[in-house]
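A look at the structure
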Amino acid sequence: MMLRTLKTIIFTCAMTFLTAATGLAGATVKQLADNVYMMSEFHYTSLVVVGEDGVLITDPAFPGRAQLLKRAIADITDKPVTRIVLSHEHYDHVGGTGVFPEAQVICHAACQTVFDLDVGGVVPEKVDVTFTDSLRVDFRGPPVNLHYYGPGDGFASIVVHLPEERVAFTADLYEDHALTPGKWMDDSNYLAILRVLKELQKKNLRHAVNAHSEDASVTIVDENVKFMSDLFNVVNGEIRKAMEAGGPMQVMTSIKKWQHDLKLPQYADWEGYDEHLPAHVRRMAYSIFHGG
Ligand SMILES: [Zn+2]
(Lines give C-alpha, C1' and ligand atoms only; values in the text may rest on other atoms or scores of the structure.)
Protein backbone atom coordinates (compact mmCIF):
# COMPACT_ATOMS: atom_id res chain seq x y z
CA MET A 1 0.00 0.00 0.00
CA MET A 2 1.83 3.02 -1.22
CA LEU A 3 0.62 6.40 -2.26
CA ARG A 4 3.14 7.21 -4.90
CA THR A 5 4.11 3.72 -5.92
CA LEU A 6 3.82 3.88 -9.69
CA LYS A 7 5.67 7.17 -9.81
CA THR A 8 8.21 5.68 -7.43
CA ILE A 9 8.81 2.58 -9.54
CA ILE A 10 9.40 4.64 -12.67
CA PHE A 11 11.62 7.06 -10.78
CA THR A 12 13.40 4.19 -9.06
CA CYS A 13 14.23 2.40 -12.31
CA ALA A 14 15.53 5.63 -13.81
CA MET A 15 17.53 6.48 -10.70
CA THR A 16 18.98 2.98 -10.38
CA PHE A 17 20.58 3.33 -13.79
CA LEU A 18 21.57 6.93 -13.14
CA THR A 19 23.12 6.02 -9.82
CA ALA A 20 25.03 3.10 -11.26
CA ALA A 21 26.34 5.37 -13.99
CA THR A 22 27.22 8.44 -11.95
CA GLY A 23 27.20 7.55 -8.26
CA LEU A 24 25.37 10.84 -7.70
CA ALA A 25 22.40 9.93 -5.53
CA GLY A 26 22.72 9.44 -1.80
CA ALA A 27 20.66 8.65 1.23
CA THR A 28 19.00 11.05 3.62
CA VAL A 29 20.32 10.01 7.02
CA LYS A 30 18.74 11.01 10.33
CA GLN A 31 20.04 9.89 13.70
CA LEU A 32 17.22 8.95 16.10
CA ALA A 33 19.28 7.81 19.10
CA ASP A 34 22.75 6.45 19.89
CA ASN A 35 23.44 3.80 17.22
CA VAL A 36 19.95 4.19 15.69
CA TYR A 37 19.36 5.87 12.33
CA MET A 38 16.74 6.16 9.63
CA MET A 39 18.00 6.21 6.06
CA SER A 40 15.80 7.22 3.14
CA GLU A 41 16.31 6.72 -0.58
CA PHE A 42 13.82 6.52 -3.44
CA HIS A 43 10.76 6.99 -1.23
CA TYR A 44 11.78 4.06 1.00
CA THR A 45 13.06 4.48 4.55
CA SER A 46 15.01 1.84 6.48
CA LEU A 47 15.78 1.64 10.16
CA VAL A 48 19.51 1.11 10.75
CA VAL A 49 20.72 -0.10 14.16
CA VAL A 50 24.44 -0.45 14.86
CA GLY A 51 25.44 -3.28 17.21
CA GLU A 52 28.80 -4.25 18.69
CA ASP A 53 29.86 -6.38 15.76
CA GLY A 54 27.17 -5.93 13.14
CA VAL A 55 24.35 -3.78 11.83
CA LEU A 56 20.61 -4.51 11.69
CA ILE A 57 18.56 -2.98 8.88
CA THR A 58 14.95 -3.15 7.72
CA ASP A 59 13.56 -3.52 4.18
CA PRO A 60 16.40 -2.96 1.68
CA ALA A 61 13.59 -2.88 -0.94
CA PHE A 62 15.52 -3.60 -4.15
CA PRO A 63 19.16 -4.08 -5.21
CA GLY A 64 19.86 -0.53 -6.44
CA ARG A 65 18.56 0.95 -3.22
CA ALA A 66 20.34 -1.67 -1.14
CA GLN A 67 23.64 -0.56 -2.70
CA LEU A 68 22.97 3.05 -1.71
CA LEU A 69 22.00 1.95 1.77
CA LYS A 70 25.23 -0.02 2.06
CA ARG A 71 27.21 3.05 1.06
CA ALA A 72 25.37 5.26 3.58
CA ILE A 73 25.95 2.71 6.36
CA ALA A 74 29.66 2.61 5.51
CA ASP A 75 29.77 6.34 6.29
CA ILE A 76 28.72 5.71 9.89
CA THR A 77 30.37 2.36 10.69
CA ASP A 78 32.75 -0.19 9.20
CA LYS A 79 30.72 -3.07 10.66
CA PRO A 80 28.88 -5.32 8.19
CA VAL A 81 25.12 -5.69 7.97
CA THR A 82 24.40 -8.95 9.81
CA ARG A 83 20.60 -8.82 10.25
CA ILE A 84 17.90 -7.83 7.73
CA VAL A 85 14.39 -7.59 9.16
CA LEU A 86 11.59 -7.58 6.58
CA SER A 87 8.49 -5.62 7.55
CA HIS A 88 6.05 -7.79 5.61
CA GLU A 89 5.80 -10.06 2.59
CA HIS A 90 5.19 -7.54 -0.21
CA TYR A 91 7.77 -7.82 -2.95
CA ASP A 92 8.66 -4.14 -3.18
CA HIS A 93 10.10 -4.29 0.36
CA VAL A 94 12.02 -7.57 0.35
CA GLY A 95 14.47 -7.35 -2.57
CA GLY A 96 18.15 -6.49 -2.40
CA THR A 97 19.04 -8.79 0.49
CA GLY A 98 21.82 -10.34 -1.62
CA VAL A 99 23.73 -7.05 -1.40
CA PHE A 100 24.47 -8.00 2.23
CA PRO A 101 25.87 -11.54 1.98
CA GLU A 102 26.76 -11.75 5.68
CA ALA A 103 23.23 -10.96 6.84
CA GLN A 104 20.60 -13.25 8.28
CA VAL A 105 17.18 -12.53 6.75
CA ILE A 106 14.39 -12.39 9.34
CA CYS A 107 10.64 -12.16 8.75
CA HIS A 108 7.30 -13.43 9.97
CA ALA A 109 6.75 -17.14 9.26
CA ALA A 110 3.89 -16.40 6.85
CA CYS A 111 6.21 -14.48 4.45
CA GLN A 112 7.55 -17.70 2.98
CA THR A 113 4.14 -18.81 1.68
CA VAL A 114 4.06 -15.70 -0.51
CA PHE A 115 7.78 -15.80 -1.36
CA ASP A 116 7.16 -19.29 -2.76
CA LEU A 117 4.82 -17.73 -5.35
CA ASP A 118 7.37 -15.24 -6.71
CA VAL A 119 7.97 -15.67 -10.44
CA GLY A 120 10.03 -12.48 -10.86
CA GLY A 121 13.04 -13.51 -8.79
CA VAL A 122 12.79 -10.55 -6.40
CA VAL A 123 12.31 -12.28 -3.04
CA PRO A 124 15.25 -13.31 -0.80
CA GLU A 125 17.01 -16.49 -1.87
CA LYS A 126 16.56 -17.78 1.64
CA VAL A 127 14.98 -16.71 4.90
CA ASP A 128 17.14 -17.60 7.89
CA VAL A 129 14.93 -16.82 10.88
CA THR A 130 11.15 -16.76 11.20
CA PHE A 131 8.78 -16.25 14.11
CA THR A 132 5.04 -16.25 14.72
CA ASP A 133 4.24 -14.00 17.73
CA SER A 134 7.36 -12.14 18.79
CA LEU A 135 11.13 -12.37 18.59
CA ARG A 136 14.00 -10.64 20.36
CA VAL A 137 16.74 -10.16 17.75
CA ASP A 138 20.05 -10.91 19.41
CA PHE A 139 22.86 -9.19 17.54
CA ARG A 140 24.87 -7.66 20.41
CA GLY A 141 23.21 -4.30 19.90
CA PRO A 142 20.37 -2.29 21.41
CA PRO A 143 17.36 -4.54 22.19
CA VAL A 144 15.24 -5.01 19.07
CA ASN A 145 11.88 -6.76 19.47
CA LEU A 146 9.70 -7.93 16.60
CA HIS A 147 5.96 -8.17 17.23
CA TYR A 148 3.15 -9.67 15.22
CA TYR A 149 -0.26 -8.28 16.10
CA GLY A 150 -2.16 -9.94 13.24
CA PRO A 151 -2.59 -8.90 9.62
CA GLY A 152 -2.05 -5.36 8.46
CA ASP A 153 -0.93 -4.57 4.93
CA GLY A 154 -0.79 -8.16 3.72
CA PHE A 155 -0.92 -10.82 6.42
CA ALA A 156 2.68 -10.93 7.65
CA SER A 157 3.08 -7.30 8.81
CA ILE A 158 5.24 -6.84 11.88
CA VAL A 159 6.29 -4.03 14.19
CA VAL A 160 10.01 -3.54 14.83
CA HIS A 161 10.38 -2.04 18.31
CA LEU A 162 13.38 -0.66 20.16
CA PRO A 163 12.01 -0.32 23.70
CA GLU A 164 15.01 1.52 25.17
CA GLU A 165 15.23 4.11 22.41
CA ARG A 166 11.40 4.20 22.08
CA VAL A 167 11.59 3.81 18.32
CA ALA A 168 9.32 1.67 16.11
CA PHE A 169 9.31 0.82 12.42
CA THR A 170 6.34 -0.29 10.32
CA ALA A 171 5.54 -0.37 6.61
CA ASP A 172 2.48 0.43 4.53
CA LEU A 173 0.03 0.88 7.39
CA TYR A 174 -0.55 4.64 7.15
CA GLU A 175 0.44 7.79 5.30
CA ASP A 176 1.35 11.29 6.35
CA HIS A 177 -1.74 13.50 5.78
CA ALA A 178 -2.68 11.44 2.74
CA LEU A 179 -5.05 8.68 1.67
CA THR A 180 -3.49 5.64 0.05
CA PRO A 181 -4.97 4.80 -3.38
CA GLY A 182 -7.46 1.96 -3.02
CA LYS A 183 -5.60 -0.36 -5.39
CA TRP A 184 -2.80 -0.63 -2.83
CA MET A 185 -5.26 -1.57 -0.11
CA ASP A 186 -6.87 -4.64 -1.64
CA ASP A 187 -4.56 -6.74 0.50
CA SER A 188 -5.17 -4.76 3.72
CA ASN A 189 -7.59 -5.35 6.56
CA TYR A 190 -8.49 -1.92 7.87
CA LEU A 191 -9.50 -3.08 11.35
CA ALA A 192 -6.25 -5.02 11.65
CA ILE A 193 -4.25 -1.93 10.70
CA LEU A 194 -6.13 0.12 13.28
CA ARG A 195 -5.27 -2.49 15.91
CA VAL A 196 -1.55 -2.34 15.03
CA LEU A 197 -1.54 1.47 15.19
CA LYS A 198 -3.17 1.34 18.62
CA GLU A 199 -0.40 -1.04 19.73
CA LEU A 200 2.12 1.55 18.49
CA GLN A 201 0.39 4.20 20.59
CA LYS A 202 0.77 2.06 23.72
CA LYS A 203 4.55 2.01 23.29
CA ASN A 204 5.03 5.66 24.22
CA LEU A 205 7.32 6.17 21.22
CA ARG A 206 9.69 9.00 20.49
CA HIS A 207 9.92 8.11 16.80
CA ALA A 208 7.51 6.11 14.61
CA VAL A 209 9.44 5.31 11.45
CA ASN A 210 7.24 4.63 8.42
CA ALA A 211 8.81 2.81 5.45
CA HIS A 212 7.62 5.40 2.91
CA SER A 213 8.17 8.63 4.82
CA GLU A 214 11.08 10.72 5.99
CA ASP A 215 8.95 12.05 8.83
CA ALA A 216 8.94 9.82 11.93
CA SER A 217 6.68 12.03 14.04
CA VAL A 218 4.53 10.05 16.44
CA THR A 219 1.67 12.52 15.95
CA ILE A 220 1.18 11.09 12.44
CA VAL A 221 0.23 7.75 14.03
CA ASP A 222 -2.22 9.52 16.33
CA GLU A 223 -3.79 11.38 13.40
CA ASN A 224 -4.22 8.13 11.47
CA VAL A 225 -5.80 6.37 14.44
CA LYS A 226 -8.25 9.26 14.61
CA PHE A 227 -8.95 9.09 10.86
CA MET A 228 -9.42 5.31 10.84
CA SER A 229 -11.61 5.43 13.97
CA ASP A 230 -13.79 8.17 12.45
CA LEU A 231 -14.06 6.17 9.23
CA PHE A 232 -14.98 3.05 11.21
CA ASN A 233 -17.71 4.87 13.12
CA VAL A 234 -19.31 6.32 9.99
CA VAL A 235 -19.18 3.09 7.97
CA ASN A 236 -20.14 0.80 10.86
CA GLY A 237 -23.13 3.04 11.63
CA GLU A 238 -24.41 2.56 8.07
CA ILE A 239 -23.80 -1.19 8.19
CA ARG A 240 -25.79 -1.56 11.42
CA LYS A 241 -28.69 0.45 9.97
CA ALA A 242 -28.69 -1.58 6.74
CA MET A 243 -28.50 -4.88 8.64
CA GLU A 244 -31.53 -3.89 10.65
CA ALA A 245 -33.46 -2.72 7.61
CA GLY A 246 -32.70 -5.51 5.16
CA GLY A 247 -29.96 -7.84 6.38
CA PRO A 248 -26.69 -8.75 4.61
CA MET A 249 -28.08 -8.28 1.10
CA GLN A 250 -28.92 -4.68 1.88
CA VAL A 251 -25.37 -4.12 3.13
CA MET A 252 -23.96 -5.63 -0.06
CA THR A 253 -26.06 -3.43 -2.30
CA SER A 254 -25.44 -0.29 -0.24
CA ILE A 255 -21.63 -0.30 -0.20
CA LYS A 256 -21.40 1.26 -3.65
CA LYS A 257 -23.73 4.06 -2.61
CA TRP A 258 -21.82 4.67 0.63
CA GLN A 259 -18.61 5.06 -1.35
CA HIS A 260 -20.06 8.15 -2.93
CA ASP A 261 -22.24 9.46 -0.11
CA LEU A 262 -20.11 9.11 3.02
CA LYS A 263 -17.72 11.98 3.72
CA LEU A 264 -15.22 12.90 6.42
CA PRO A 265 -14.83 16.62 5.69
CA GLN A 266 -12.43 17.13 8.59
CA TYR A 267 -9.81 15.29 6.47
CA ALA A 268 -10.54 17.15 3.21
CA ASP A 269 -7.06 18.69 3.22
CA TRP A 270 -5.33 15.29 3.22
CA GLU A 271 -3.70 14.48 -0.10
CA GLY A 272 -5.92 12.26 -2.24
CA TYR A 273 -9.05 12.87 -0.12
CA ASP A 274 -11.46 13.49 -3.02
CA GLU A 275 -10.05 10.80 -5.25
CA HIS A 276 -9.44 8.02 -2.76
CA LEU A 277 -11.96 8.37 0.09
CA PRO A 278 -14.49 6.12 -1.74
CA ALA A 279 -11.93 3.30 -1.81
CA HIS A 280 -11.30 3.73 1.91
CA VAL A 281 -15.03 3.59 2.65
CA ARG A 282 -15.26 0.38 0.60
CA ARG A 283 -12.22 -1.22 2.25
CA MET A 284 -13.50 -0.36 5.73
CA ALA A 285 -16.96 -1.72 4.85
CA TYR A 286 -15.56 -5.05 3.70
CA SER A 287 -13.18 -5.27 6.66
CA ILE A 288 -16.14 -4.85 9.03
CA PHE A 289 -18.70 -6.85 7.09
CA HIS A 290 -16.61 -9.58 5.52
CA GLY A 291 -13.53 -9.88 7.75
CA GLY A 292 -11.02 -9.12 5.05
ZN1 LIG B 1 2.92 -3.52 1.35
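Here is what the cut-offs are and how they apply
Residues numbered from 1 in each chain as written. Predicted model: local features only at pLDDT ≥ 70, side-chain atom pairs only at ≥ 80, totals over all residues. Heavy atoms only, no water. Pairing = 2+ DSSP bridges. Helix = DSSP H or I, 4+ residues; strand = E, 2+ residues; numbered from the N terminus. Axes fitted to C-alpha atoms, helices over the stretch in contact; angles between N-to-C directions. Salt bridge = Lys/Arg side-chain N within 4 Å of Asp/Glu carboxyl O. Buried < 20%, exposed > 50% of the residue type's maximum accessible area, 1.4 Å probe, protein only. Domains from an automatic or database assignment. Contact = heavy atoms within 4.5 Å. Polar contact = N/O pair within 3.5 Å; in protein donor to acceptor, adjacent residues only side chain to side chain. Nonpolar A, V, L, I, M, F, W, Y, C, P; charged D, E, K, R; others polar. Expected span 1.5 Å × (residues − 1). Left-handed = near helix turned anticlockwise from the far one by under 90°.

The strand order across the open sheet built from five strands is 8-9-10-11-12, with neighbouring strands paired in mixed fashion. Edge positions in the open sheet fall to strand 8 (134–137) and strand 12 (207–210), since each of these has one partner strand only. Ignoring which end each strand starts from, the neighbouring axes of this sheet average 20° apart. Of the pairings in the sheet, the one linking strand 10 (residues 159–162) to strand 11 (residues 167–170) comprises three bridges and is antiparallel in character. Across the sheet, the residue bridging to Leu162 is Val167, located in strand 11.

Our focus in this paragraph is the pattern of salt bridges. Taken as a whole and judged by the stated rule, the model has eight salt bridges. A salt bridge links Arg65 to Glu41; its shortest N-O distance comes to 3.0 Å. A residue pair is termed long-range when its members are at least 10 positions apart, and Arg65 in helix 2 (residues 63–74) and Glu41 in strand 2 (residues 36–41) qualify at 24 residues. Accessibility classification places Arg65 together with Glu41 in one group, the buried group. A salt bridge links Asp261 to Lys257; its shortest N-O distance comes to 2.6 Å. Here Asp261 pairs with Lys257, and both are found in helix 7 (residues 248–261), just four residues apart, close to one helical turn. Taking relative accessible area as the criterion, Asp261 reaches 42% and is therefore assigned partly exposed. Assessed through its relative accessible area of 52%, Lys257 is described here as exposed. Several salt bridges share partner residues, and in doing so they unite Glu52, Asp53 and Arg140 into one network.

Splitting the protein by domain gives domain 1 (5–219) and domain 2 (229–290). Computed over C-alpha atoms only, the centres of domain 1 and domain 2 are separated by 31 Å. Opposite the 14 residues of domain 1 that make contact, domain 2 presents 15 residues. On inspection of domain 1 and its partner domain 2, the count reaches six residue pairs in polar contact (both at pLDDT 80 or more). Grouping the constituent residues of the side of domain 1 that touches domain 2 by class yields seven nonpolar, five polar and two charged.

This brings us to helix 5 (residues 190–202). Taking 1.5 Å per residue as the helical rise, helix 5 with its 13 residues ought to reach 18 Å, and the 19 Å between its terminal C-alpha atoms agrees with that figure. Those residues of helix 5 that sit buried are Tyr190, Ala192, Ile193, Leu194, Val196, Leu197, Glu199 and Leu200. By the N-cap criterion, in which a side-chain oxygen at the helix start approaches the backbone nitrogen of a residue two or three places on, helix 5 is capped by Asn189, the distance to Leu191 being 3.0 Å.

Let's shift gears to the packing of helix 5 against helix 6 (residues 218–246). The N-to-C vectors of helix 5 and helix 6 enclose an angle of 145°; their axes lie 10 Å apart at closest approach. For the element pair helix 5 and helix 6, the recorded crossing hand is left-handed. Of the residues in helix 6, those in contact with Tyr190, Leu191, Ile193, Leu194, Leu197, Lys198, Leu200 and Gln201 of helix 5 are Val221, Asp222, Asn224, Val225, Phe227, Met228, Ser229, Leu231 and Phe232. Looking at side-chain class alone, the contact of helix 5 with helix 6 contains twelve nonpolar, three polar and two charged residues.

Quick look at the environment of Gln201 now. Tracing the backbone through its elements, the reader meets Gln201 in helix 5. For Gln201, a relative accessible area of 35% puts it in the partly exposed group. Spatially, the C-alpha atoms of Gln201 and Thr219 are 9.6 Å apart, while their sequence positions differ by 18 residues. With residues up to four places along the chain from it excluded, the contact list for Gln201 reads Val221, Asp222 and Val225.

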